[in-house]
Amino acid sequence: MDSAIEILLVEDNADDAELTMRALRAAKLANPVQLVRDGEEALDFLFCRGAFSDRKMGNPPRLILLDLKLPKVDGLTVLHEIKKDPRTRAIPVVILTSSREDRDIVNGYQLGVNSYIQKPVDFDQFRETVRQLGWYWLLINQPPNVAKGPDV
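The following refers to the structure shown. All residue numbers here refer to positions counted from 1 along the written sequence of the relevant chain. In keeping with the predicted nature of the model, local features appear solely for residues at pLDDT of at least 70, side-chain atom pairs appear and are counted solely at 80 or more, and the whole-chain, interface and lining totals rest on all residues. To obtain the side-chain values, all non-hydrogen atoms of the structure were included, while hydrogens and water were left out.

**A closer look at the nonpolar core**
Step number 1: We call a set of buried Ala, Val, Leu, Ile, Met, Phe, Trp, Tyr and Cys residues a nonpolar core when their side-chain atoms join them within 4.5 Å. Only protein chains enter the calculation, and the probe is 1.4 Å; a residue is then buried if its accessible area is under 20% of its type maximum, exposed if over 50%, and partly exposed in between. Formed by 24 residues in total, the largest nonpolar core has its most connected members in V10, L46, I64 and L66.
Step number 2: Every helix listed is a DSSP run of H or I at least four residues long, and every strand listed is a run of E at least two residues long, numbered separately from the N terminus. Sorting the residues of this core by element identifies strand 1 (7-10), helix 2 (39-46), strand 3 (63-66), helix 3 (75-84) and strand 4 (93-97) as the ones contributing at least two each.
Step number 3: Discounting chain neighbours no more than four positions away, the residues touching I64 are L8, V10, L46, I82, I91, P92, V93 and V94. Contacts: residue pairs with any heavy atoms within 4.5 Å of one another.

Have a look at this one:
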C-alpha cells in the first residue's frame, strides 16, 4: 500500500460513490482512488491505523472528497481531525454533500474546508462538477511540499 493515492473518496452511499467514480474515470482522473465508507475508516486510512496500519504517513492523498452524513464518525468531525493534525492539515478537503444547511456550510469553513460543493442531482451536472474538481485540485492547484516544510 505504498503507492500514492491521488484521491480519498469518503462516501457511504454506494450509488453516490459509483457516480463519483464514473465521473472521475470519464475525466481520466480515477487512478488511484481509495474509497472508504465511513468517517472512522477515513481517519484510519489517513492516520495509518487499523486496517491501514501498513500505510506510510508520508504518502497522503492529494485530495479528499468528503461527505458529511457518514456512519460512525460524521464528516465535520473527520474534517476537524484532518485540519488539527500538522501531518494532514495541508491536504485539500472538498466537502461533496447533499446538505444545503447553512450551519453545515459555516461549520465546514470554520473547520478549514477548502471547498464546499452541494452534489448536483442531474448526472451530467454531477459528472461535470467532479471533473472540474479533479482537474483543479489535481492538475491546476499547486500544493505545498509538506515533506520539505516551510522556509524559515
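**Side note on the side chain of D44**
Step number 1: Mapping D44 onto the fold places it in helix 2.
Step number 2: Classification of D44 by relative accessible area gives buried; the value is 17%.
Step number 3: N or O atoms within 3.5 Å of each other form a polar contact, as long as, within protein, one can give a hydrogen and the other can take it, and as long as residues adjacent in sequence are counted only when both atoms are side-chain atoms. Here the side chain of D44 touches R49 through a polar contact of 2.7 Å, side chain to side chain.
Step number 4: Beyond its immediate chain neighbours, meaning those up to four positions away, D44 contacts R49, G50 and F52.

**Quick look at the sheet that holds strand 2 (residues 33-36)**
Step number 1: Two strands form a pair only when DSSP identifies at least two bridges running between them. Read from one edge to the other, the open sheet built from 5 strands follows the order 2-1-3-4-5, with strand pairing classed as parallel. The open sheet has two edge strands, strand 2 and strand 5 (115-118), and neither has a second partner. Here the average twist between neighbouring strands, direction ignored, is 20°.
Step number 2: Pairing analysis gives 4 bridges linking strand 4 to strand 5, with the strands arranged parallel. If you follow I95 over to strand 5, its bridge partner there is Y116.
Step number 3: To obtain an axis, a line is fitted to C-alpha atoms, over the contacting stretch when the element is a helix, and the angle between two such axes runs from 0 to 180 degrees between their N-to-C directions. Taken strand by strand, helix 5 (residues 123-140) contacts strand 1, strand 3, strand 4 and strand 5, and its axis lies near 175° from that of strand 4.

As far as function goes, none of this settles anything; it's purely spatial.
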